[in-house]
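Residues per chain are reported as follows:
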Amino acid sequence: MDTAYSTDLRTWKTLYTGVNENNKMFSNLFSKSNYAPFSYVGKNSDGSYSVWAPDVMYNPKMKKWVQYFCTTSTFIKSNLCYATADRIEGPYTYKGTFLYSGFVSNTVSKTNLKAITGGTDGNRYYPNNNYDYKKFPNAIDPSVFYDFNGRLWMVYGSWSGGIYILELNESTGLPKHNINNGNNTDKYFGKKLAGGNHQSIEGPYILPHSGTGYYYLFVSYGGLTSNGGYQIRMFRSKNPDGPYVDARGRQFMGGNNADYGVKVMGNYNLPGLSKAYMAPGHNSAIRDNDNKVYLVYHTRFNDGAEYHEPRVHQMFLNQDGWLCAAPYAYSGETISPTGYNMNDMSGSYKIVFHYHTKVNGDISNNYTIQLNKNYSVSGKFSGYWGYTARTNFMHIKIGNVTYKGVFLKQMDEAKSKTLVAFTAIGDNNDSIWGVKV
């Protein structure tokens, strides 16, 4: 559990760190007299306590900063907790545990399932005394948002039964549990949005964007190790509780996870990077007061280790209202709303495809293409490209796939020079990045 701050979204200064009582983010979470957050889950396989995935939001009704997080011990035995503070940097006071997963007959009494639903219903949740983890979620990775009408929601979940959503009571910050059991709904766990059957999917985050009227659901697929294929996927919906669909117009409610979700980014290398970036994921997204959208995530590197760092990339809307991630980390750039001239846009580019079919440790290759002034594409691939006059919108067709995105100018990550780049999303759920060389 680390806390850090930045003034430029590139350089971060640590405030607190560690899963112990020396971590001043909390006033009581790790105190020797308070093991409530861990009383149900216990210790992990290393004999330590696990605290993961904090999400912080100011709740005006409570007049508090509220932090939602999880404690966990196995791939299914977890619970969601919350803590409050008067300042965003804390200290936060643990207030309670409010949602549990992984329970069976001899542990369900330690949860609030009966208090919420009126019973324990072993046949539903743990048939043959085994938690039905392929249907119901692992209670981790919570994140909270307000919808366009001021209602408060929490999305959460990982692998297991998939990603779920619950409406929260703004006065308490806790779930309302105001739906009944049904097809992909559960009074206790809420409404299923995506995933299931223990396929990789975790770290959900929903960004409401009033400019488009969409809610954007981000999730991560794969394993979070360097070669685990960790990657960022995106869906969207006109409603906070779905249905969430990808660029093909499909929900991920069954089938192979690789077939669903726009692949925002996976493993890649680009000119100006000293080594390939690996396993980008578990992101959040922010729309600032100036309407800039930022994708915040952590990444590992192709260096044989598991060291990771935070990264922030700006995102831009394409003509179809999908958010495309800039190829390089944010360095203060502002996209031109009226676009760029032909000499800027045309020329030789290194391109990277983020193929939706790949959920593995492969690093996307760089290819060289030319965007010619006659709007043809030549080089490694052939096709055609174009742009919309007096805007930053562009499109490129390679093979049978049409990608729509934007041109922009940004500095490479070494800050050695400013480059023309493009980022676009295909109608097949792939993304493509191009950097002019």
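On a predicted model such as this, the values are computed, not experimentally measured, just so you know.

Undergrad: Give me the nonpolar core: which residues, what numbers.
TA: Ranked by internal contacts, the top residues of the largest apolar core, which has 46 residues, are Phe26, Phe103, Met154 and Phe189. At the level of elements, β3 (50–59), β4 (64–72), β5 (78–85), β6 (93–101), β8 (152–156) and β9 (163–169) are the ones that each hand at least two residues to this core. Leaving out residues up to four positions away in the same chain, Met154 has contacts with Tyr68, Leu80, Phe98, Pro142, Ser143, Val144, Tyr164, Ile165, Leu166 and Leu168. If you look at the next biggest cluster of nonpolar residues, it comprises 30 residues, including Val262, Val264, Leu273 and Ala325.

Undergrad: Which residues make up the sheet that holds strand β22 (residues 366–371), and what values go with them?
TA: Strand order in the closed barrel formed by eight strands is β21-β22-β23-β24-β25-β26-β27-β28, and the pairing between neighbours is antiparallel. The mean inter-strand angle of the sheet, taken between neighbouring strand axes irrespective of direction, is 30 degrees. Relative to strand β26 (residues 401–411), strand β25 (residues 393–398) is paired through six bridges, and the arrangement is antiparallel. Among the inter-strand pairings, Phe393 is bridged to a residue of β26, identified as Val406.

Undergrad: Which residues make up the sheet that holds strand β14 (residues 214–221), and what values do they have?
TA: Taken together, the four strands give an open sheet; going across it, the order is β13-β14-β15-β16, and neighbouring strands pair in antiparallel fashion. Two strands lie at the open edges of the sheet, namely β13 (202–209) and β16 (262–265), each paired on one side alone. Between one strand and the next, the sheet's axes are offset by a mean angle of 30 degrees, whatever the strand orientation. In this structure, β14 lies alongside strand β15 (residues 231–237), joined through seven bridges in antiparallel fashion. Its bridge partner being in β15, Tyr215 is matched across the sheet by Ser237.

Basis of the calculations
- Residues numbered from 1 in each chain as written.
- Predicted model: local features only at pLDDT ≥ 70, side-chain atom pairs only at ≥ 80, totals over all residues.
- Heavy atoms only, no water.
- Core = buried A, V, L, I, M, F, W, Y, C linked by side-chain atoms within 4.5 Å.
- Buried < 20%, exposed > 50% of the residue type's maximum accessible area, 1.4 Å probe, protein only.
- Helix = DSSP H or I, 4+ residues; strand = E, 2+ residues; numbered from the N terminus.
- Contact = heavy atoms within 4.5 Å.
- Pairing = 2+ DSSP bridges.
- Axes fitted to C-alpha atoms, helices over the stretch in contact; angles between N-to-C directions.

Note that every value here comes from positions in space, so none of it alone points to a role or purpose.
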